[in-house]
Every structure is written in C-alpha cells, then in structure tokens.
Amino acid sequence: MTADAVPAAALPRYPDVVAAAARLAGVAHRTPVLRSRLLDARTGAEVHFKCENFQRMGAFKFRGAYHALSRFDADQRAAGVVAYSSGNHAQAVALAARLLGIEATLVMPEDAPESKLAATRGYGGKVVLYDRYAGDPAPIAADLAARRGLVFVPPFDHPDIIAGAGTAALELFEETGPLDALFVPLGGGGLLSGTGLVAREAAPGCALFGVEPEAGDDGRQSLARGEIVTIDPPRTLADGAQTLALGKLTFPLVREAVTDILAVPDDALAPCLRDVATYLKIVVEPTAVLGLAALYAEAERWRGKRVGVLVTGGNVDLGRYAGLLAGTRTS
Ligand SMILES: *Cc1c(COP(=O)(O)O)cnc(C)c1O
C-alpha cells in the first residue's frame, strides 16, 4: 500500500452496482449479447459478445455518466457539470446532462474523432478544445470547475462511474450465467473495475482480463510493479484506451479483481473490426475489439470454454472505419 492509497471504504462494491442498475432501469438500454457460430469456430470457444455499441450515445459510458449525474443534489444540478475525455465520456455526460436538465461543459482533444465532437455538441454540450500532445485536460477542467462553480465528473476514477459501468457485466452474467473467462478493454479502468465487482460475485471462477493497446500498456506495467505507472500519451488506433494511468480507485479494484492485463498490437485490431462486421454484422470502434484481439491471441487456452467479450462502443467516423476495413488506413 502506498501512503496516499484510498481507504477501502471509499471503494465502490457490488451492492453499488446493483443500486446503479436500478437507477439506470428504463433509461439505459439493455444491450444485446450476440453470438456467431463462425466466430465460435474461429476461436474454438463459445463466445458471448456484450454489445455496448448499441448503448445510448453508442458506448457503455452512458451508464456511468447518467448514474453519476442522477445522484447530483439540487445545488449541483443548478451549477452544471464539467468533464474531460477523448470522446465517449464527453458524449455520455452531454447526453445524461440533457436528459436531467443539467448544463454540460466538455474539455476534448482537438484531434478527437469528428463524429465524437459533433455528437457531443449535438447533445447540447459546450465543447472546449485542447492539444492532447501538449497539454493535460485535467487542470483545464479543474480551472473551469473552480471559476464557474461547475461539478467535475472524472471519466473513470469515481465510485458512481465505476458502479454504473459495472451494470453491463451484471446484464451479461444474468443472460449467460457463469463464464470461464471475460475480456474487457482497459483505459482508465472504470469499466474493468465495475466488471470485476460483478464478476467476483456472479462468477467467482471466471478469469478476468483487462486488455490494452501495446502502445499504452500502463495498466500492465502498473500491475507488474504494484503501483500506478504513468506513461506518455500513446499513439494508438484504440482512442478509447489512450489514457495515461489508472486511477486511485481503479488501480486497487483492478488489482483485486483481474487475472491478468494483456496488451495487443494495433495491427491486430483491423482484422477484428472486419470479423465483427462480417460475423456479427455490427459497426464498432477500434477500442471495442481489444477483447476479441486478446481472445484470438489466447485462443488455445480457452478452446471449448464459455467466454465473454465486452464490445464497448461503436463511435467511429465512417470514413476512417472504411479505411481500416479496407486496410488503407492504419491510424
Ligand atoms: C472509455 C472506453 C473504454 C475504456 O474504459 P475505461 O473505463 O477508461 O477503462 C473502452 N472502450 C470504449 C469504447 C470507451 O469509450
């Protein structure tokens, strides 16, 4: 334990995920769990894909954002919310804020996919741009919060965000029963933390893997070293996992729940996008196939087993997507 480790009481637990599911009922979509015989044949496993590309605003992030904002008190609702994100958290906060009648300001990198910037503005969010490779969005958001009295909602390191994210796994296990293994894309670890709370309860024997892009494997390094490792901004196709470090809440939760953290090279992602399009008939963003890419790499180990893959989102510019499918784009 490091000196500034959070007290255990500050960490969300399984009942918090169940409570989040109650708040999200009737607001978030219950997303489908898709199967494909041909993908089963390709991997040798029985694979269940939890498809959060069909979630509202196109990614699981809606779950955490709506859950967090729905717990604002009257003063916080009146003050408004500020968040930063490379895309999906911003969209999620913008949509959740609109549904709850709260004003939202979003700090986003100027090279974020155009579709994510447009969608955030489309939900009525006010967008403030910054240069991802030159600056850190956290102090920009903190400054806006201080000067305008806005409530800051972080993208992953918040108990309500973690509990909300965990509701996807709750639905998955309700549908599939216990699984032998579950593969989860890993950025800042909100999703993996929430998923871990559920997996340890619903399927204690289930192996749980966080999956990062190789270029941004801070989670794997952190697990190996036993402390949070911060990396330089990684260049990767998986823009939803371009985070620099796990959080004070997510690091201990990830550490207690995961079997391992795996990393996959960017060039494994386009073939997975193609397979998901071909066999599941769905459009997803590069970050969403990190889990499938890791399963392919580990296929021998999971032959004949029941495996879950969290498909996290579908927000991708169609031009970029077409180029990735065709193999004419690698960034
Ligand atoms: C945010 C995001 C992730 C990573 O989630 P964390 O909670 O940051 O680990 C994965 N996939 C998509 C599509 C995302 O938007």
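Parameters and conventions
Residues numbered from 1 in each chain as written. Predicted model: local features only at pLDDT ≥ 70, side-chain atom pairs only at ≥ 80, totals over all residues. Heavy atoms only, no water. Pairing = 2+ DSSP bridges. Helix = DSSP H or I, 4+ residues; strand = E, 2+ residues; numbered from the N terminus. Salt bridge = Lys/Arg side-chain N within 4 Å of Asp/Glu carboxyl O. Buried < 20%, exposed > 50% of the residue type's maximum accessible area, 1.4 Å probe, protein only. UniProt positions renumbered as here; feature names shortened; annotations may be inferred. Near = heavy atom within 4 Å. Polar contact = N/O pair within 3.5 Å; in protein donor to acceptor, adjacent residues only side chain to side chain. Areas by Shrake-Rupley, 256 points an atom, 1.4 Å probe, with all protein chains shown as cover. Nonpolar A, V, L, I, M, F, W, Y, C, P; charged D, E, K, R; others polar. Axes fitted to C-alpha atoms, helices over the stretch in contact; angles between N-to-C directions. Parallel < 35°, antiparallel > 145°, perpendicular 65-115°, else oblique. Left-handed = near helix turned anticlockwise from the far one by under 90°. Contact = heavy atoms within 4.5 Å. Expected span 1.5 Å × (residues − 1).

Asks: Explanation requested: the sheet that holds strand β6 (residues 151-152) in the structure shown.
Replies: Through backbone hydrogen bonds, the strands of a sheet pair up, either in parallel or in antiparallel fashion. Across the sheet, which stays open at both edges, the four strands sit in the order β5-β4-β3-β6 with parallel pairing between neighbours. Only two strands of the sheet have a single neighbouring strand rather than two, namely β5 (126-130) and β6. Bridge count for strand β4 (residues 104-109) against β5 is five bridges, and the pairing is parallel. Looking across to β5, one finds that Leu106 is bridged to Val127.

Asks: I'm lost on the sheet that holds strand β10 (residues 306-311) in this one. Help?
Replies: Taken in spatial order, the six strands make up an open sheet running β1-β2-β10-β7-β8-β9, and their pairing is mixed. Either end of the sheet is taken by a strand with one partner, and the two such strands are β1 (33-34) and β9 (260-264). Across three bridges, strand β7 (residues 181-185) lies against β10 in parallel orientation. Paired with Phe183 across the bridge in β10 is Val309.

Asks: What am I meant to see in the pattern of salt bridges here?
Replies: Any two side chains of opposite charge can pair, on the condition that their charged atoms come close. Per the stated rule, a full pass over the model turns up 20 salt bridges. A salt bridge links Arg13 to Glu256, with the shortest nitrogen-to-oxygen separation between them at 2.5 Å. On the criterion of sequence distance, the pair formed by Arg13 in the segment before α1 (14-24) and Glu256 in helix α11 (residues 250-257) is long-range, its members being 243 residues apart. By relative accessible area, which is 46% here, Glu256 ends up partly exposed. Residues participating in the shared-partner salt-bridge network are Arg35, Asp40, Glu46 and Arg306.

Asks: What is the right way to look at the UniProt feature "domain: Tryptophan synthase beta chain-like PALP" (unreviewed entry) in the protein chain in this model?
Replies: Per the UniProt entry, the sites bearing "domain: Tryptophan synthase beta chain-like PALP" (unreviewed entry) are residues 29-313 in this numbering. Spanning residues 29-313, this segment combines 45% helix with 17% strand, and its end C-alpha atoms are found 13 Å apart.

Asks: Which parts of the structure should I look at to understand the site of the ligand?
Replies: Among the 15 residues in the neighbourhood of the ligand, the closest are listed as Lys61, Asn88, Gly187, Gly189 and Thr312. The contact in question runs from an oxygen atom of the ligand to an N or O atom on the side chain of Lys61, over 2.7 Å. In the model, an oxygen atom of the ligand is placed 2.8 Å from a nitrogen or oxygen of the Gly187 main chain. Look at the ligand: alone it shows 380 Å² of surface, and the protein chains cover 97% of it. Here the residues of the shell around the ligand sort into four nonpolar, nine polar and two charged.

Asks: Could you clarify how one ought to interpret the packing of helix α9 (residues 190-202) against α11 in this entry?
Replies: Packed helix pairs are specified by the crossing angle of their axes together with the interaxial distance, meaning the distance between the axes. For the pair α9 and α11, interaxial distance at closest approach is 9 Å and the crossing angle is 40°. Our classification of the angle between α9 and α11 gives oblique. As for how α9 packs across α11, the hand of that crossing is left-handed. For the pair α9 and α11, the contacting residues are Gly190, Leu192, Ser193, Gly196, Leu197 and Arg200 in the first and Thr250, Leu253, Val254 and Ala257 in the second. Tallied by class, residues from the contact of α9 with α11 come to five nonpolar, four polar and one charged.

Asks: Would you explain the side chain of Ser70 in this entry?
Replies: Assignment of secondary structure puts Ser70 in helix α3 (residues 61-70). Sequence-distant contacts of Ser70, that is, excluding residues within four places in its chain, are made with Arg23, Arg77 and Leu100.

Asks: Would you mind going over the environment of Glu285 with me for this structure?
Replies: Tracing the chain through its elements places Glu285 in the loop between α12 (269-280) and α13 (290-297). Linking Glu285 and Asn315, residues 30 residues apart in sequence, is a C-alpha distance of 5.6 Å. In this structure Glu285 touches Gly58, Asn88, Lys116, Asp239, Leu273, Gly313, Gly314, Asn315 and Val316, once residues within four positions along its chain are discounted. A distance of 3.0 Å separates the side chain of Glu285 from the side chain of Lys116, its partner in a polar contact.

Asks: When you look at helix α8 (residues 159-176) in this model, what are you seeing that I'm missing?
Replies: One turn of an α-helix holds 3.6 residues; hence residues three or four places apart share an orientation. Between the first and last C-alpha of α8 there are 26 Å, a value that for 18 residues agrees with the 26 Å anticipated at 1.5 Å per step. For α8, the tally of buried residues reaches 15 of 18 residues, placing the bulk of the element in the interior. At the C-terminal side of α8, Gly177 shows a positive phi close to 70°.

Asks: Where do I start with the side chain of Thr31 in this structure?
Replies: With respect to the helices, strands and loops of the structure, Thr31 is situated in the loop between α1 and β1. Among the polar contacts listed, one links the side chain of Thr31 to the side chain of Lys50, at a separation of 2.9 Å. Residue contacts for Thr31: discarding those within four places in its chain leaves Lys50, Cys51, Glu52, Phe54, Gln55, Arg63 and Glu171.

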